[in-house]
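# Topology and contacts: notes
Spelled out from the first residue to the last, the chains are:
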Amino acid sequence: EEYYDPRNSCLNDVLDRKLGIPITLSILTMEVGRRVGIDVAGVSLPGHFIVSATLGARRIFLDPFNRGAVLTPAQAEEVASRAVGRPVKLAEGHWAPCAKRQILVRMLRNLKGIYARREDWTRALAVVERLLVLDADSPVHLRDRGSVLVRLRRLHEVVSGEPVDHRGHRHIVHLGAGGGQGL
């Protein structure tokens, strides 16, 4: 149950609590590596997130969630298989370093799932809205937005696709240099 605490997905809380999930601990490992001059990249396995560190010509895989254990490809397959609850055969593409945007999307998708499990639809909507900023045409995010709006009984927004405040006024968000500011 502690694993699905949303604070485990928020870096400030992870630092304060010294407790996190694989992806947030991996981000911290990447940052520590950057600060000491080691190339550390995120690796998005099915159901689990690890890092790779390049030391000279050698690339090693580490599991920050398991106290930084060094993983062989076979061990990484076992970890991924346990995480998803079925056998996993990792392909070459699974070992590719993740871009920052991919990491952010995965973190937000984790948070969306956590809030949905808790039926915290207001927070789930906020996360889906952030996912749509990153990928506005995603059918999955658009579907999820509609589903959450239905749960919030905001059907008028499902049909129009535009946010409406509690008084029925349209709310436009400007995402310029000043960030998200209502107009």
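This text follows the structure it describes.
Report on the accompanying structure. (Residues numbered from 1 in each chain as written. Predicted model: local features only at pLDDT ≥ 70, side-chain atom pairs only at ≥ 80, totals over all residues. Heavy atoms only, no water.)

## A few points about the nonpolar core
Nonpolar side chains in soluble globular proteins generally cluster together in the buried interior. Just so we agree on the cut-off: To form a nonpolar core, buried Ala, Val, Leu, Ile, Met, Phe, Trp, Tyr and Cys residues must be joined to one another through side-chain atoms within 4.5 Å. Only protein chains enter the accessibility calculation, which uses a 1.4 Å probe; a residue whose area is less than 20% of its type maximum is buried, one above 50% is exposed, and one in between is partly exposed. To qualify as a helix, a DSSP run of H or I must reach at least 4 residues; to qualify as a strand, a run of E must reach at least 2; elements of each kind are numbered from the N terminus. Note on definitions: a residue-residue contact is assigned when non-hydrogen atoms from the two residues lie within 4.5 Å.
Among the nonpolar cores identified, the biggest contains 13 residues, and I23 and I103 are the most heavily contacted of them. For this core, the secondary-structure elements that each account for two or more residues are α2 (22–36), β2 (48–55), β3 (58–63) and α4 (100–117). Ignoring sequence-local partners within four residues, the contact set of I23 consists of F49, I103, R106, M107 and N110. Formed by 12 residues, the second largest nonpolar core is a distinct cluster that contains V105, A124, V148 and L149.

## Structural notes on the pairing of strand β1 (residues 39–45)
Let me state the cut-off plainly: Two strands pair if DSSP finds at least two bridges between them.
Within β1, 5 of the 7 residues are buried, which leaves it mostly tucked inside the rest of the structure. Relative to β2, β1 runs antiparallel, the two sharing 7 bridges. The residue of β2 that forms the bridge with L45 is H48. Hairpin remark: β1 followed by β2, antiparallel, with 2 residues in the connecting loop; positive phi at G47, about 75°.

## Brief notes about a nonpolar patch on the surface
Let me state the cut-off plainly: By definition, no residue in a patch forms a salt bridge, and every one has over 30% relative accessible area; like charges are joined within 9 Å, nonpolar side chains (Val, Leu, Ile, Met, Phe, Trp, Tyr) within 5 Å. Accessible areas in this description were obtained via Shrake-Rupley with a 1.4 Å probe; residue shielding takes into account the shown protein chains only. A side-chain nitrogen of Lys or Arg and a carboxyl oxygen of Asp or Glu constitute a salt bridge if their distance falls within 4 Å.
Together, V32, V36, I38 and L55 make up a nonpolar patch on the protein surface, roughly 340 Å² of accessible area in all. What makes V32 exposed here is its relative accessible area of 53%.

## Remarks on the side chain of T24
Quick note on the threshold: Side-chain atoms alone can form a polar contact between residues adjacent in sequence; in general such a contact is a pair of N or O atoms within 3.5 Å, and within protein one must be able to donate a hydrogen while the other accepts it.
In this fold, T24 is placed in helix α2. From its side chain, T24 meets the backbone oxygen of I21 in a polar contact 3.1 Å long. Contact partners of T24, with chain neighbours within four places excluded, come to N8, S9, C10, L11, V14 and M107.

## Some thoughts on the packing of aromatic side chains
Aromatic ring pairs: the centre-centre distance and the angle between the two ring planes describe each pair. Quick note on the threshold: Centres within 6.5 Å make a pair out of two Phe, Tyr or Trp rings, where for Trp the six-membered ring is used; the pair is then stacked when the planes are under 30 degrees apart, edge-to-face when over 60, and tilted otherwise.
Taken as a whole and assessed by the stated rule, the structure comprises 3 aromatic pairs. Taken together, the ring pairs in this structure connect Y3, Y4 and F65 into an aromatic cluster.

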